[in-house]
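Structural characterization, general
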Amino acid sequence: MQFDTPATTNPIDRMKVVGRPHERIDGPLKTTGQAPYAYEHRAISNAAYGYIVGSAVAKGTIRSISLDEARSAPGVLTIVTAQNAGKLGKGQMNTVKLLAGPQVDHYHQAVALIVAETFEQARAAAALVRVDYTRATGSYDLDEALKSAPLTGGDSGEGSGAPPVDRTGKFEDAFAAAPVKIDAEYTTPDHSHAMMEPFASIAAWNGDELTLWTSNQMIDWGRGDLARTLGIPKEKITLMSPYVGGGFGGKLFLRADAVLAALGAKAAKRPVKLAMQRPMMVNNATHRPATRQRIRLGAQPDGTITAIAHESGSGDQPNGGPEAAVNQTKLLYAGANRLTSMRLAVLNLPEGNAMRAPGEAPGMMALEIAMDELAEKLRMDPVALRIKNDTQVDPEKPERRFSQRQLVRCLTEGAQRFGWSRRNATPGQVRDCKWLVGMGVAAAFRNHVNRTSGARVRLGRDGVVTVETDMTDIGTGSYTIIAQTAGEMLGVPAEAVVVKLGSSAFPVSAGSGGQWGAANATAGVYAACVKLREQAAQRLGIDPATADFADGRVSGGGKSGDLRAAAAGGELVGEDKIEFDKLDKTYQFATFGAHFVEVGVDAYTGITRIRRMLAVCAAGRIINPVSARSQVIGAMTMGAGSALMEELAVDKRFGMFVNHDLASYEVPVHADIPHQEVVFLDEADEKANPMKAKGVGELGMCGVAGAIANAVYNATGVRIRDYPLTLEKHLERLPPIV
């Protein structure tokens with residue numbers, strides 16, 4: 001199905017199933033332990049166990065590996081290294097090879113895999129491997145590396161991208177002439193995905209054909225890059241990932257567990273189970289890169305922004321890309337004179353890559369503080385400043401309008417709901433016993449990306465509707481919204497739909513990433529259901545153009561028949577994909593929101609506690625309010641973590657993240673987030689897709705950290721521009737205790 005004109009009235013608009021709150025249909029399986037995750041598939045027998053040996057140096061070469069002791073250890077079946085693995089390629093989406101040798105690119109890059117009868121035997125043998133390295137001088141200090149870093153364009157592939165330098169108008173002249181201006185620098189640290197389920201795979205060969213159960217967000221990407229790495233045809237690989245225990249972008253790409261499990265199974269001539277050990281995950285896999293950002297804003301006394309510049313620097317491995325932190329600044333606020341630029345430093349730290357809302361999340365951590373600072377200089381309400389500079393067109397391409405943009409409504413409705421009028425504009429004035437209390441606001445913005453997505457829908461003789469697509473469910477509710485979509489299209493309840501996900505045997509979907517999964521995957525199911533509706537109506541002698549599917553029946557032209565009867569003569573199968581062409585070139589697709597936060601800062605210790613949070617979101621039609629709310633509150637929690645505690649500590653001597661486990665990399669817990677409210681505006685974007693839906697899972701994170709930072713400033717009068725906002729950064733400057 002080609003989607004190149006705005007959607008008109010269609011079966012989804014009935015919203016008898018779509019748009020209704022619905023508990024997750026996979027919930028009972030997960031809560032009772034019956035949903036098999038990557039390491040838990042029970043169809044495998046006689047599996048051996050793998051254990052990864054990671055590099056002890058961050059940059060250098062392997063001179064030799066001594067394996068004799070490990071080989072003779074109890075239970076060891078085989079050991080895989082680059083020397084005996086055969087010729088290996090590199091996936092298109094991997095910056096460096098996943099098995100080191102002889103070159104080492106970063107700390108904890110895999111150098112060997114031990115395969116043994118039991119996990120404990122593999123782990124014990126791994127401790128006996130002796131690797132002799134030649135250590136090379138590496139670059140691990142972002143601030144130092146940025147001094148000579150070149151301007152570099154880049155794109156996250158998720159709608160966040162920019163050229164090395166982009167100009168509109170004459171920024172320098174406008175900024176110099178602006179009567180009110182700010183010029184400030186902001187820093188964000190490296191972040192870890194810290195998902196609950198580790199990188200894990202089970203590999204089994206049958207001759208030259210490989211079956212891999214793994215934890216991966218993008219089935220087709222993973223299958224393709226595994227084929228490139230192993231040097232075998234893609235058709236020889238079956239990749240399955242029906243349940244994923246969190247990813248946040250860390251499982252978008254092929255990782256070492258998948259490659260090494262496949263190599264280990266081939267060498268051992270039996271299936272191999274491999275779960276990457278938790279202390280290795282942070283340095284072995286990808287992370288969100290740290291940024292150094294400079295923002296300059298110039299405005300007229302009435303708040304009209306006349307000059308806006310956002311310059312960002314980040315680091316990555318050679319041939320990597322920048323964190324596109326300037327993207328939202330190109331689109332969020334009006335302003336005639338504009339400048340954005342990015343620099344990329346070469347660092348020998350682990351690979352930087354996509355993490356929930358790449359680009360916008362760290363970019364808005366800076367931009368939304370800067371907007372608050374400008375509002376203070378103008379003596380203007382921060383909500384009013386954002387409304388003043390709203391735009392309905394792309395500021396750099398005024399001929400391109402936003403398909404829908406309700407940022408102003410998000411801000412005004414959010415302010416009313418939150419009680420923003422009670423905020424004291426003078427910082428450090430509101431106290432509740434020992435707590436300094438403040439409120440903060442930030443806009444939320446995240447691009448919507450249209451991607452081709454396919455599905456297959458079956459109607460069996462028993463009347464059961466089955467949907468098959470390689471779409472994944474990473475805890476987001478994909479099973480449920482796909483069931484709702486098929487149910488709405490075919491006139492049956494969601495409970496009557498069987499959904500099968502996460503197998504390369506199914507049609508290729510958009511996959512789970514970039515906030516595009518829900519809208520595009522359900523649009524693909526919509527397209528397949530249109531095909532099935534045509535067949536079912538024809539079988540029943542009803543004109544497909546006028547057929548109505550409701551309550552398990554098909555009606556039209558004075559005729560009516562049971563849906564089940566349409567398949568009495570044999571199973572019906574509808575398969576199609578949604579494809580996009582013209583509209584995303586004519587319109588800018590994006591989602592918008594507003595975050596409001598109230599915090600308390602302990603006047604004695606400086607510790608910050610969030611008291612309440614509100615998100616108001618405009619993101620097209622909400623397919624399932626229950627799962628959508630869960631996505632947003634999870635994103636808000638993640639934003640709280642990035643604001644107040646999350647930081648990978650870099651050892652600049654040895655090139656590693658020191659706090660590489662969940663004991664020392666701090667993330668929020670229940671006690672950190674006492675109250676969250678989420679509001680979705682009633683919206684349907686007919687230009688986006690036939691579902692008239694867009695994503696919310698990353699929008700919910702964009703701007704949260706900025707709102708928290710602004711609330712902390714309002715509480716204390718101390719402005720912190722260096723994330724995370726830990727207590728030592730303002731403790732000595734807090735207002736006096738009275």
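Rules of the game
- Residues numbered from 1 in each chain as written.
- Predicted model: local features only at pLDDT ≥ 70, side-chain atom pairs only at ≥ 80, totals over all residues.
- Heavy atoms only, no water.
- Helix = DSSP H or I, 4+ residues; strand = E, 2+ residues; numbered from the N terminus.
- Rg over C-alpha atoms; globule rule 2.2 N^0.38 Å.
- Buried < 20%, exposed > 50% of the residue type's maximum accessible area, 1.4 Å probe, protein only.
- Contact = heavy atoms within 4.5 Å.
- Salt bridge = Lys/Arg side-chain N within 4 Å of Asp/Glu carboxyl O.
- Expected span 1.5 Å × (residues − 1).
- Arc of directions from axis to C-beta.
- Pairing = 2+ DSSP bridges.
- Phe/Tyr/Trp six-rings, centres within 6.5 Å; stacked < 30°, edge-to-face > 60°.
- Axes fitted to C-alpha atoms, helices over the stretch in contact; angles between N-to-C directions.
- Core = buried A, V, L, I, M, F, W, Y, C linked by side-chain atoms within 4.5 Å.
- Parallel < 35°, antiparallel > 145°, perpendicular 65-115°, else oblique.
- Left-handed = near helix turned anticlockwise from the far one by under 90°.
- Nonpolar A, V, L, I, M, F, W, Y, C, P; charged D, E, K, R; others polar.
- Polar contact = N/O pair within 3.5 Å; in protein donor to acceptor, adjacent residues only side chain to side chain.

Looking only at helices and strands, the chain has 16 helices and 35 strands in total. Over its C-alpha trace the chain gives a radius of gyration of 27 Å, about what one expects of a compact globule, namely 27 Å for 738 residues. Each principal axis of the C-alpha atoms in the chain carries an extent, and together these give about 80 × 75 × 50 Å. For the chain, with 738 residues in total, the buried portion stands at 63%. Here the contacts in the chain between residues at least 6 apart in sequence split such that 81% fall between residues at least 24 apart.

All right, on to the pattern of salt bridges then. Applying the stated rule across the entire model yields 52 salt bridges. Among the ionic pairs, Asp581 bridges to Lys585, the shortest N-O distance being 4.0 Å. Residue Asp581 is classed as partly exposed on the basis of its relative accessible area of 30%. Using a relative accessible area of 62% as the deciding quantity, one classes Lys585 as exposed.

Between its first and last C-alpha atoms helix α11 (residues 407-418) spans 16 Å; for 12 residues at 1.5 Å apiece the expected length is 16 Å, and the two agree. Those residues of α11 not exposed but buried are Leu407, Cys410, Leu411, Gly414, Ala415 and Phe418. Buried residues of α11, viewed axially, fall in a sector of 120 degrees; they line one side. In this structure, the buried residues of α11 make contact with α10 (382-388), β22 (435-447), β31 (590-602) and β32 (608-618).

Turning our eyes to something else, we now look at the pairing of strand β20 (residues 397-402). Pairing analysis gives two bridges linking strand β19 (residues 393-394) to β20, with the strands arranged antiparallel. Opposite Val393, over in β20, you have Arg401 as the bridge partner. Sheet analysis places β20 next to strand β30 (residues 587-588), joined by two bridges and oriented parallel. Across the sheet, Arg401 pairs through a bridge with Tyr587, a residue of β30.

Let us now look at unusual backbone geometry. Residue Pro102 is reached from Gly101 by a cis peptide bond, and omega for that bond is -10 degrees. With respect to the helices and strands, the residue Pro102 is situated in the loop between β4 (76-81) and β5 (103-104). With omega at -5 degrees, the peptide bond leading from Tyr723 into Pro724 counts as cis. Looking at the element boundaries, Pro724 is found in the segment after α16 (704-716). Its identity is not glycine, yet Asn319 carries a phi of approximately 75 degrees, on the positive side. Along the chain, Asn319 turns up in the loop between β17 (305-316) and β18 (337-346). On the basis of relative accessible area, Asn319 is assigned to the exposed category, the value being 77%.

Turning our eyes to something else, we now look at the packing of aromatic side chains. In total, this model carries 11 aromatic pairs according to the counting rule given. Taking 6.3 Å as the distance between ring centres and 65 degrees as the angle between the ring planes, the aromatic pair formed by Trp221 and Trp516 counts as edge-to-face. One end of the pair, Trp221, is in helix α6 (residues 219-230); the other, Trp516, is in the loop between β25 (497-501) and α13 (517-539), and 295 residues separate them in sequence. The class for Trp516 is buried, based on a relative accessible area of 0%. Within the aromatic cluster, the residues linked to one another by ring pairs are Tyr37, Tyr243 and Tyr479.

Spatially, five strands are ordered β1-β29-β23-β24-β25 in an open sheet, and the strand pairing comes out mixed. Two strands in the sheet have a free side with no partner beyond their single neighbour: β1 (2-3) and β25. Pairing between β1 and strand β29 (residues 572-580): two bridges, direction parallel. Bridge pairing in β29 places Phe3 opposite Phe580. Packing against the sheet, helix α12 (residues 478-490) makes contact with β23 (453-459), β24 (465-469) and β25, and its axis sits at approximately 135 degrees to β25.

Ranked by size, the top nonpolar core spans 90 residues in total, and within it Leu332, Leu374, Phe596, Val599, Ile610 and Ile708 carry the most contacts. The element that contributes the greatest number of residues to this core is helix α9 (residues 360-378), accounting for 11 residues. Ranked by size, the runner-up nonpolar core spans 51 residues in total, among them Val457, Ile482, Phe549 and Ile578.

With that settled, the discussion passes to the environment of Asp551. For Asp551, the location among the structural elements is in the loop between β26 (548-550) and β27 (553-556). Using a relative accessible area of 70% as the deciding quantity, one classes Asp551 as exposed. Measuring from C-alpha to C-alpha, the distance between Asp551 and Glu488 comes to 9.8 Å, with 63 residues separating the pair along the chain.

In helix packing, the relevant descriptors are the interaxial angle and the interaxial distance, both defined with respect to the helix axes. At a closest axis distance of 8 Å, the pairing of helix α15 (residues 625-644) and α16 adopts a crossing angle of 55 degrees. Taken as axis vectors, α15 and α16 run oblique relative to one another. The interaxial crossing formed by α15 with α16 has right-handed handedness. Between α15 and α16, the contacting residues are Met636, Gly639, Ala640, Ser642, Ala643 and Leu644 on the first element and Val704, Ala705 and Ile708 on the second. Class assignment of the residues belonging to the contact of α15 with α16 gives a composition of seven nonpolar, two polar and no charged.

The next thing to look at is the environment of Leu532. Structurally, Leu532 can be placed in helix α13. What makes Leu532 buried here is its relative accessible area of 2%. Ignoring anything within four residues of it in the chain, the contact list for Leu532 reads Val457, Arg458, Leu459, Leu490, Leu572, Val573 and Gly574.

All right, on to the side chain of Ser504 then. Relative to the assigned elements, Ser504 resides in the loop between β25 and α13. Polar side-chain contacts of Ser504 include one of 2.9 Å to the backbone nitrogen of Leu239. When sequence neighbours within four positions are dropped, the list of residues in contact with Ser504 reads Ile219, Arg223, Ile237, Thr238 and Leu239.

Moving on: the side chain of Asp394. Structurally, Asp394 can be placed in strand β19. A polar contact of 2.8 Å, which involves the side chain of Asp394, links it to the side chain of Arg400. In this structure, Asp394 is in contact with Lys330, Leu331, Arg400, Phe402 and Gln588, ignoring residues within four places of it in sequence.

Moving on to α13. Taking 1.5 Å per residue as the helical rise, α13 with its 23 residues ought to reach 33 Å, and the 33 Å between its terminal C-alpha atoms agrees with that figure. Directly after α13, the chain includes Gly541, whose backbone phi takes a positive value near 75 degrees.

Here we take up the sheet that holds β30. Sheet architecture is open: three strands sit in the order β19-β20-β30, paired in mixed fashion. Lying at the two open borders of the sheet, with one neighbouring strand each, are β19 and β30.

Before going further, it helps to spend a moment on the environment of Gln406. Mapping Gln406 onto the fold places it in the loop between β20 and α11. Gln406 sits 162 residues away from Ala568 along the chain, and the two C-alpha atoms are 48 Å apart. Apart from the residues within four sequence positions on either side, Gln406 is in contact with Phe592, Ala618, Leu681, Asp682 and Glu683.

Attention now goes to the packing of α9 against α16. Two numbers describe how α9 lies on α16: the axes approach to 7 Å, and their chain directions differ by 40 degrees. With respect to their mutual orientation, α9 and α16 come out oblique. The way α9 lies across α16 gives a crossing that is right-handed. Here Met364, Met365, Glu368, Ile369, Asp372 and Glu376 of α9 come into contact with α16, specifically with Ala705, Gly706, Ala709, Asn710 and Tyr713. Residue classes in the contact of α9 with α16 are distributed as six nonpolar, two polar and three charged.

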